[in-house]
Amino acid sequence: MKVLEERIRQEGLILSETVLKVDSFLNHQVDTALTLAIGKEFAAVFGDRQITKVLTVEASGIQFAMAAGIALGVPFIYAKKKKAITLSEAVYSAPVHSFTRQEDYQISISQKYLGPDDTVLIVDDFLATGAALVGLCDIVAESGAQLAGVGCVIEKSFQEGRGLLEQRGIPVYSLARIASMSPGEIHFIDNEGLLKECAGC
């Protein structure tokens, strides 16, 4: 998405060679029109896979999973990072390490909302180390559901996340792929042709 790349260039704050801040339009203050367009893009890529649920982890992936769910006409589910007292039923869970927060936590989803009859699209805001996405993939596998693929808004392609997912044979589609960055400079990977490649996975 060229429009997304341009917003990152104009409004993104590159704090280091690994940290990009996009909270003015994506994950603190949210540009709703852009978010809905992101959902439509994911639906265009994965829409032929009979998806029944969109899955993400709280909190920054929620708006993009909801947008994709709206575009696909299916519910979305978000994994919780802390088990609430109201979540008393059986859950699927997986351990995750947060790169940005430098902490470990357990994500969980009620078994009522995910099962062997589902085909799942995982959506998240960032793909970097891939820890949260691997955790979600483990939950999908535990539930017996089919995994259609992973859609990410921004990918730091210089980190290991994509490789971890591709080693598992999981199709990955990212809207903006960053080859490298440093304060004042950012380089994107040309995404042309990736849509066709992924659509045929």
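For clarity, every value in this text was computed on a predicted model and none was experimentally measured. Each residue is numbered by its place in its chain's sequence as written, counting from 1. Reporting of local features is limited, given that this is a predicted model, to residues whose pLDDT is at least 70; pairs of side-chain atoms are given and counted only at 80 or more, and all residues count toward the totals for whole chains, interfaces and linings. Note that water and hydrogens are dropped before the side-chain values are worked out from all heavy atoms of the structure.

Chemist: Requested: an account of the sheet that holds strand β9 (residues 172–182), with residues and values cited.
Modeler: Here a strand pair is declared whenever DSSP counts at least two bridges between the two strands. Helix and strand assignments come from DSSP, with helices taken as H or I runs of at least 4 residues and strands as E runs of at least 2, each series counted from the N terminus. Taken in spatial order, the 6 strands line up as β4-β3-β7-β8-β9-β10 in an open sheet, and their pairing is mixed. Looking along the sheet, the strands with just one partner apiece sit at the ends: β4 (76–79) and β10 (185–189). Between one strand axis and the next, the sheet turns through 25 degrees on average, direction left out of account. Two strands pair when backbone bridges link them, and strand β7 (residues 119–127) and strand β8 (residues 146–156) are joined in this way by 8 bridges, in the parallel orientation. When the sheet's bridge partners are listed, Asp124 is paired in β8 with Cys152. Across the sheet, helix α4 (residues 131–143) lies against β3 (53–57), β4, β7 and β8, angled at about 170 degrees from β7, the strand it touches most. The axes are straight lines fitted to the C-alpha atoms, using for helices just the contacting stretch, and the angles between their N-to-C directions are given from 0 to 180°. By the convention used here, residues are in contact when the closest approach between their heavy atoms is within 4.5 Å.

Chemist: Just give me the short version of the pairing of strand β5 (residues 91–98), but keep the residues and values in it.
Modeler: A regular strand places its side chains so that they alternate between the two faces of the sheet. The alternating pattern of β5 places Tyr92, Ala94, Val96 and Ser98 on a buried face, while none of Val91, Ser93, Pro95 and His97, on the opposite face, is buried. Here 8 bridges tie β5 to strand β6 (residues 103–110), and the two strands are oriented antiparallel to one another. Of the residues in β6, the one forming a bridge with Val91 is Ser110. Accessible area is worked out with a 1.4 Å probe on protein chains only. A residue is then buried under 20% of its type maximum, exposed over 50%, and partly exposed in between.

Chemist: Residues and numbers for the side chain of Asp124, please.
Modeler: Within the fold, Asp124 resides in strand β7. Despite its burial, Asp124 pairs with no opposite charge; the closest candidate is Lys81, at 8.1 Å N-O. Among residues more than four places away in sequence, those in contact with Asp124 are Thr56, Val57, Gly61, Ala132, Leu133, Gly151, Cys152 and Val153. We score Asp and Glu as negative and Lys and Arg as positive, and we do not count His or the chain ends. Definition used for salt bridges: Asp or Glu carboxyl oxygen within 4 Å of a side-chain nitrogen of Lys or Arg.

Chemist: I'd like to hear about α4, residue by residue, with values.
Modeler: Owing to its 3.6 residues per turn, the α-helix aligns residues three or four sequence positions apart on the same side. To estimate how far a helix should extend, the number of its residues minus one is multiplied by 1.5 Å. Between its first and last C-alpha, α4 extends 19 Å over 13 residues, near the 18 Å set by a 1.5 Å rise per residue. Backbone geometry just downstream of α4 places Gly144 in the positive-phi region, at approximately 85 degrees.

Chemist: I'd like a rundown of the UniProt feature "binding site: 5-phospho-alpha-D-ribose 1-diphosphate" (unreviewed entry) in the protein chain, residues and numbers included.
Modeler: UniProt positions are given in the numbering used here, feature names are shortened, and annotations may be inferred rather than shown by experiment. The sites that carry the UniProt feature "binding site: 5-phospho-alpha-D-ribose 1-diphosphate" (unreviewed entry) are, in the present numbering, Ala128, Thr129, Gly130, Ala131 and Ala132. With respect to the element layout, Ala128 can be found in the loop between β7 and α4. Not counting the four nearest positions on each side in its chain, Ala128 is found in contact with Lys156, Gln159, Glu160 and Gly161. Position of Thr129 relative to the elements: it lies in the loop between β7 and α4.

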